[in-house]
Amino acid sequence: AVNTVMNAISGVKNPAELQSAINFTTGDGHIKLVDDITLTSTLILDSGNQVTINLNGHTLTLPTIDNYGVSVKNGTLIIEGEGNIVVPGYYGFATSSVTDTGHIVINGGTFIGENAYYLFACYNGSITINDGDFTALYCVLNNNSGDDYGNTMDGVATVNGGSFEVTDTDTYYRPFIFLGDVQV
């Protein structure tokens, strides 16, 4: 249930409730998971608001699709608390709009990228990692890409803490791939 005075969600337990909580949060919203959630489509933040998701000891599994599991087009998404975020598909989180500015802040959790890449700082977006344990097949944090329209995806990345591991043994792959602005 939404508490409009505190702008807090008392707890979400399924994908529909999570997307709805993100859509209807105004200002600085806080969402707490009260169960493990498996998404079947991309989770989108496009409101311009700041939304904090507290994992609360639960697992959020992103969808197995050929697109980003979480897309922050406009606004700020903050992930905090103990718990897991699993990416079984090819892409995980992204700031993903040419015209808007999305921001992702990671303050904790365990992030498991089973099949490919985890975080993309794209276009005008930024990703800040303050803490967390990250494992990905190819790359944990990337802004070294372009899209099909000739746009570069050089976002800003800041790494203040955390642990990072890439499981593919090919020397091409590493925890970070950057072309844009990076602060480590």
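Note that this is a predicted model, so its numbers are computed, not measured.

Moving on, we get to the overall build of the chain. In terms of helices and strands, the chain carries 1 helix and 21 strands. In the chain, which comprises 184 residues, the proportion classed as buried is 48%. Within the chain, residue pairs in contact and separated by at least 24 positions form 63% of the contacts whose partners lie at least 6 positions apart. Summed over all atoms, the accessible surface of the chain reaches about 8200 Å², with 46% contributed by carbon and sulfur.

What follows deals with the pairing of strand β15 (residues 126-129). Residues Ser126 and Thr128 line one face of β15 and the alternating positions Ile127 and Ile129 line the opposite face, and both faces are buried. Sheet analysis places strand β12 (residues 102-106) next to β15, joined by 4 bridges and oriented parallel. Within the sheet, the bridge partner assigned to Val105 lies in β15 and is Thr128. As judged from the 4 bridges shared by β15 and strand β18 (residues 156-159), these two strands associate in the parallel manner. By the bridge assignment, Ile127 is partnered in β18 with Ala157.

A separate point is the confidence of the model for the chain. When pLDDT is averaged across the chain, the result is 76; 66% of the residues are at 70 or more. Confidence over residues 1-6 falls short of pLDDT 50; this stretch has 6 contacts with residues more than four positions distant or in other chains.

Moving on to helix α1 (residues 15-24). All of the buried residues in α1 are Leu18, Gln19, Ala21 and Ile22. Viewed end-on, α1 has its buried residues packed into an arc of 160°, placing them on one side of the element. Every exposed residue of α1 that faces more than 90 degrees away from the buried side is listed here: Ala16 and Phe24. Where α1 begins, the capping side chain belongs to Asn14, and its oxygen is found 3.1 Å from the backbone nitrogen of Ala16.

On to the nonpolar core. Leu18 and Ile53 are the most contacted members of the largest nonpolar core, which has 30 residues in total. When residues in this core are grouped by element, the largest group, 3 residues, is from α1. Dropping the residues within four chain positions of it, Ile53 is found in contact with Leu18, Ile22, Ile31, Leu33, Leu77, Ile78, Ile79 and Glu80.

Now for the sheet that holds strand β7 (residues 59-61). Picture the strands of a sheet paired through backbone hydrogen bonds; they go either parallel or antiparallel. Spatial ordering of the open sheet is given by β4-β7-β10-β13-β16-β19, a layout of 6 strands whose pairing is parallel. Each edge of the open sheet is held by one strand with a lone partner, namely β4 (37-38) and β19 (163-166). Across 2 bridges, β4 lies against β7 in parallel orientation. Within the sheet, the bridge partner assigned to Ile37 lies in β7 and is Leu60.

Per the stated rule, a full pass over the model turns up 2 aromatic pairs. Ring geometry for Phe111 versus Phe134: centroids 4.6 Å apart, planes at 10°, classification stacked. Of this pair, Phe111 sits in strand β13 (residues 110-113) while Phe134 sits in strand β16 (residues 133-136); the two residues are 23 residues apart in sequence, bridging distant segments of the chain. Classification of Phe134 by relative accessible area gives buried; the value is 2%. Geometrically, the ring pair formed by Phe134 and Phe164 is stacked, given 5.2 Å between the ring centres and 10° between the ring planes. Taken together, the residues Phe134 in strand β16 and Phe164 in strand β19 connect sequence positions 30 residues apart.

What follows deals with the pairing of strand β10 (residues 84-87). Relative to β10, β7 runs parallel, the two being bridged by 3 bridges. Residue pairing across strands places Thr59 opposite Asn84, the latter belonging to β10. When β10 meets β13, the two strands line up parallel, connected through 4 bridges. Note on β13: the bridge partner recorded for Ile85 is Phe111.

Reading the values: rules and limits
Each chain has its residues counted from 1, running along the sequence as written. Only residues with pLDDT of 70 or above have their local features reported here, since the model is predicted, and side-chain atom pairs are shown and tallied only from 80 upward, although totals for entire chains, interfaces and linings are computed over all residues. The side-chain numbers reported here are obtained from all heavy atoms of the structure, hydrogens and water having been left aside. Secondary structure is summarised from DSSP: a helix means a run of H or I of at least four residues, a strand means a run of E of at least two, and numbering begins at the N terminus for each. With a 1.4 Å probe rolled over the protein chains alone, any residue whose accessible area is under 20% of its type maximum counts as buried; one over 50% counts as exposed, and the rest are partly exposed. What makes two residues a contact is simply this: any of their non-hydrogen atoms within 4.5 Å. The protein chains shown are the only cover counted for residues, whose accessible areas, like all others here, come from Shrake-Rupley with a 1.4 Å probe. Here the rule is simple: two strands pair whenever DSSP picks up at least two bridges between them. Per-residue confidence from the predictor is given as pLDDT, running between 0 and 100. Each C-beta atom gives one direction from the helix axis, and the arc is the one those directions make. Polar contacts here mean pairs of N or O atoms no more than 3.5 Å apart (in protein, one a potential hydrogen donor and the other a potential acceptor; neighbouring residues in sequence count only if both atoms are side-chain atoms). Definition used in this section: a nonpolar core is a set of buried Ala, Val, Leu, Ile, Met, Phe, Trp, Tyr and Cys residues joined via side-chain atoms within 4.5 Å. Classification of ring pairs rests on two measures: the distance between centres of Phe, Tyr or Trp rings, Trp counted by its six-membered ring, which must be within 6.5 Å, and the angle between planes, read as stacked under 30 degrees, edge-to-face over 60 and tilted in between.

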